[in-house]
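# Working through the structure, step by step
Given next are the chains, with one letter for each unit.
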Amino acid sequence: MDEDTSIKVAKATRERLAELAQERGTTIRGLVESLAASAPTRAEQCARAEVARAELRERFGVEVTARDEAAGHALWDELLGGRTSGAAGAA
């Protein structure tokens, strides 16, 4: 088992995490560990995007351009209501 450590957050954040954890039937620790395990890093997002581009190219003969990617990111941003999509795969 990994060695335990602490994360300092504002009291309001801690209270929100406690409420979210309780709603999900887990602890704050479980909630944070689940988030960390399920949220891909930028490098993982880029790797997934490259796999998707290769699949589109090899299977369907489609070459995704930078313009296509920009249009996709713009659509995600619009769907997210102005919150940024993080531009996954923008390498």
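Scroll up to find the structure.
None of the values given here were measured: they were computed from a predicted structure.

Attention shifts here to the layout of surface pockets. Within this model, the largest pocket holds a volume of roughly 420 Å³. Surrounding the largest pocket, 14 residues form its lining, T5, S6, I7, R29 and V32 being those nearest its centre. When contributions to the lining of the largest pocket are tallied by element, the ones reaching two or more residues are helix 1 (11-23) and helix 2 (28-38). The element that contributes the greatest number of residues to the lining of the largest pocket is helix 2, accounting for 4 residues. Tallied by class, the residues present in the lining of the largest pocket amount to 6 nonpolar, 2 polar and 6 charged.

Side-chain pairing between opposite charges can occur once the charged atoms of the two side chains come close. Tallied over the entire structure, the rule returns 7 salt bridges. Salt-bridge contacts for R53 lead to E50; the nearest nitrogen and oxygen are separated by 3.1 Å. In this pair, R53 and E50 are both assigned in helix 3 (residues 42-60), 3 residues apart and thus about one turn of the helix distant. When its relative accessible area of 39% is taken as the criterion, E50 is described as partly exposed. In the salt-bridge network here, residues are joined through shared partners; they are E50, R53, R57, E63 and E69.

Thresholds applied
Residues numbered from 1 in each chain as written. Predicted model: local features only at pLDDT ≥ 70, side-chain atom pairs only at ≥ 80, totals over all residues. Heavy atoms only, no water. 1 Å grid on protein atoms, 1.4 Å probe; cavity = no way out; pocket = protein on both sides within 12 Å on 5 of 7 lines; lining within 4 Å. Points joined across faces, edges and corners; volume = space filled by probe spheres on them. Helix = DSSP H or I, 4+ residues; strand = E, 2+ residues; numbered from the N terminus. Nonpolar A, V, L, I, M, F, W, Y, C, P; charged D, E, K, R; others polar. Salt bridge = Lys/Arg side-chain N within 4 Å of Asp/Glu carboxyl O. Buried < 20%, exposed > 50% of the residue type's maximum accessible area, 1.4 Å probe, protein only.

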